[in-house]
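Examining the three-dimensional arrangement
One letter stands for each residue in the lines below.
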Amino acid sequence: MRRVIPAALLLAAVLAGWELYVTLTGVSVLVVPPPSGIAAAIVENRADLVHQTLVTLAEASLGFLLGNLVAIVCAVAFTYSGLLRAGAYPLVLAMQAVPLVAIAPILVLWLGPGILSKVLLAAFLAYTVTLVNMVRGLASADAGTLELMHTLNASRWQQLTRVRFPAALPYLFTSLKLGASAAIVAAIAAEYIGALEGLGYLIHDTRARLDNEYLWAAVATAAVIGLAAFGLVVLAERWAMPWRREAVEET
Amino acid sequence: MKRITRKLLEGVAGVRAAAAFLLAALLLWQLVTSTGLVKFYVLPAPSTVLEAMARFRGELGEEALATLTVALAGFALGTVAAIAVAMTLTYSRLVRTAVYPLLLALRALPFIAIIPILVVLMGTGYEPRITICAISTFLTTLVNLMRGLRSADGEVEELMHTLNATGMQRLLKVRVYAARPYLLAALRISASSCVIEATVAEWITGDSGLGYLVQISGYTFQIGLMWAAIVVASALTLALVGVITLIEKVAMPWAPQAPGAGAAV
């Protein structure tokens, strides 16, 4: 908690300075709206804002779940099949470098302006990050422990759940943290291309309507859900790996 | 030179299996599309995409240059700023406790959400696009650099202290040295996210660049060109990441896998 106070003070100072700047210079709302104006826009449009946020959250979280589940299954397959790993894994690594967000227009063309194109893009992003990290994580299991399991006649399933998964947990959470923000980015990016609702749509729409205060309010909301998603994964990490709390603090 | 060649050859061997896989996928793709099993607007044949590339090579080159300019300018600005701020934060405890948590929090934000605001403030030219690339590079690189600078071996630091090294010497010979792999990892991640940020910003500014080309070719239903632009954007990213990976391997052959946090976007 003590670590947060200086940062919170700085944030408060920035907001106060911003408000003061707008009041003193009389800069147009069309250029930079004051924090009070943004707050007013949030209160005024709260029903719409909540609705658009929920749409984006639904897209991002569905994609996040789907992408991570498929990635974990694929990582296990890669760990146990040398053929699959040799053929497909370099492609996955290459895919990681491809700007996946750039395929959003293709997905929107295929699946229309509905929720599905956003879910799929979010899933793609989460998938590539988690797959690479999970393959590394599953391989990071202690060789001695694996040998011991083998000697004790443990089944592959036991080997996987008792040794490899616990070893992979820190790797998994690293990718989940990245994936949480990436899923929201994906949802918003695909909404820019073509959507009927969602925060990305709202941001695009308010800019077109020159409703600058509502635009900033929508962007602030996107920022808050980005942070909240990240925070949620950090909390889950502490719960799942209490022995690593110290290490978590650092990231 | 020999070392570089060997590194390249090692990479080639690993790539062979993947190339076979890719070739099989391309053949299958060509087969289902040229037989009309899948409609061209759903999935254009690889040959259609190649045709569009050949026909629109002038446009593709021009827009790719615009995207590359934006990405590289943002990348350079962000990296320089990150190095300067990391040095400052390492030496001032007060600034670090106040600013660093905010910077960490900023990194979790969906940057692309602020592009429209930047467009309102700066117009539809290069400025908002370069700014967004610079911001994302800055935050990724800064966080990795801070970790890297702190990763310096404590005993070596003590030794330097015993040897009466100045603060500047300690910084350059111990901390900067330890931070190099972290810096290069951050640069690799930033290189690819810069192309992504630039592309997304081009959707919004609609002025020039590969993102702009993807969008208008989609609107005008030139599906071959749309795919061609996406392929060029991907190739651009791969090339940038490849250059940095090569630098990594040549500069630090002892580090098989560079540490540091990644960023998906």
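Presented here is an overview of the structure given in this document. (Residues numbered from 1 in each chain as written. Chains lettered and ligands numbered in written order. Predicted model: local features only at pLDDT ≥ 70, side-chain atom pairs only at ≥ 80, totals over all residues. Heavy atoms only, no water.)

**Here's the deal with helix α2 (residues 46-55) of chain B**
Residue and element names in this part refer to chain B. By the burial criterion, the buried members of α2 are Pro 46, Val 49 and Ala 52. Burial along α2 is one-sided: seen end-on, the buried residues are contained in an arc of 125 degrees. Facing away from the buried side of α2 by more than 90 degrees, the exposed set consists of Leu 50, Glu 51 and Arg 55. (Buried < 20%, exposed > 50% of the residue type's maximum accessible area, 1.4 Å probe, protein only. Helix = DSSP H or I, 4+ residues; strand = E, 2+ residues; numbered from the N terminus. Arc of directions from axis to C-beta.)

**Comments concerning the interface of chain A and chain B**
The interface is formed by 50 residues belonging to chain A together with 52 residues belonging to chain B. Buried area between chain A and chain B, both sides added, is near 4,200 Å², and the carbon and sulfur share of it is 80%. Of all residues in chain A, Pro99(A), Tyr192(A) and Arg207(A) give up the largest surface area on contact with chain B, accounting jointly for 14% of the area buried on that side. If you look at where chain A meets chain B, you find zero salt bridges. Linking chain A with chain B are one residue pair in polar contact (both at pLDDT 80 or more). (Contact = heavy atoms within 4.5 Å. Buried area = accessible area lost by both parts, 1.4 Å probe. Salt bridge = Lys/Arg side-chain N within 4 Å of Asp/Glu carboxyl O. Polar contact = N/O pair within 3.5 Å; in protein donor to acceptor, adjacent residues only side chain to side chain.)

**Digging into the packing of aromatic side chains**
Scanning the model with the defined rule gives three aromatic pairs over all chains in all. Measuring from centroid to centroid gives 6.4 Å for Trp110(A) and Trp227(B), while their planes differ by 45 degrees, and the two rings are tilted. One end of the pair, Trp110(A), is in helix α5 (residues 104-111); the other, Trp227(B), is in helix α10 (residues 223-251), on a second chain. Clustering of aromatic rings is evident, with ring pairs tying together Trp110(A), Trp29(B) and Trp227(B). (Phe/Tyr/Trp six-rings, centres within 6.5 Å; stacked < 30°, edge-to-face > 60°.)

**Some points on the layout of surface pockets**
Its boundaries defined by the atoms lining it, the second largest pocket holds a volume of some 1,100 Å³. Considering the residues around the second largest pocket, the lining is formed by 28 residues, among which Leu11(A), Trp18(A), Ala223(A), Leu106(B) and Leu109(B) are closest to the centre. With seven residues, the single largest contributor to the lining of the second largest pocket is helix α10 (residues 212-240) of chain A. (1 Å grid on protein atoms, 1.4 Å probe; cavity = no way out; pocket = protein on both sides within 12 Å on 5 of 7 lines; lining within 4 Å. Points joined across faces, edges and corners; volume = space filled by probe spheres on them.)

**Focus on unusual backbone geometry**
Although it is not a glycine, Asn153(A) adopts a positive phi angle of roughly 65 degrees. Structurally, Asn153(A) is set in the loop between α7 (143-151) and α8 (156-193). In this structure, Phe221(B) is a non-glycine residue whose phi angle is positive, near 65 degrees. Of note, Phe221(B) is situated in the loop between α9 (210-219) and α10. Judged by relative accessible area, which is 43%, Phe221(B) ranks as partly exposed.

**A look at the state of the cysteines**
For the structure shown, the criterion picks out zero disulfides over all chains. The thiol sulfur of Cys133(B) is not disulfide-bonded, and the nearest other cysteine sulfur, from Cys194(B), lies at 4.4 Å. (Disulfide = S-S within 2.5 Å.)

**Description of the pattern of salt bridges**
One pass over the full model with this rule turns up six salt bridges over all chains. For Glu202(B), the salt bridge is made with Arg129(B), and the minimal N-O distance between the two is 4.0 Å. Taken as a pair, Glu202(B) in helix α8 (residues 167-205) and Arg129(B) in helix α6 (residues 126-150) lie far apart in primary sequence, 73 residues in all. Using a relative accessible area of 0% as the deciding quantity, one classes Arg129(B) as buried. Via salt bridges that share partners, Asp205(A), Arg209(A) and Asp211(A) belong to a single interconnected network.

**What to know about α5(A)**
Listed in full, the buried residues belonging to α5(A) are Ala104(A), Pro105(A), Ile106(A), Leu107(A) and Val108(A). Looking one or two places after α5(A), you find Gly112(A), whose phi comes out positive at around 80 degrees.

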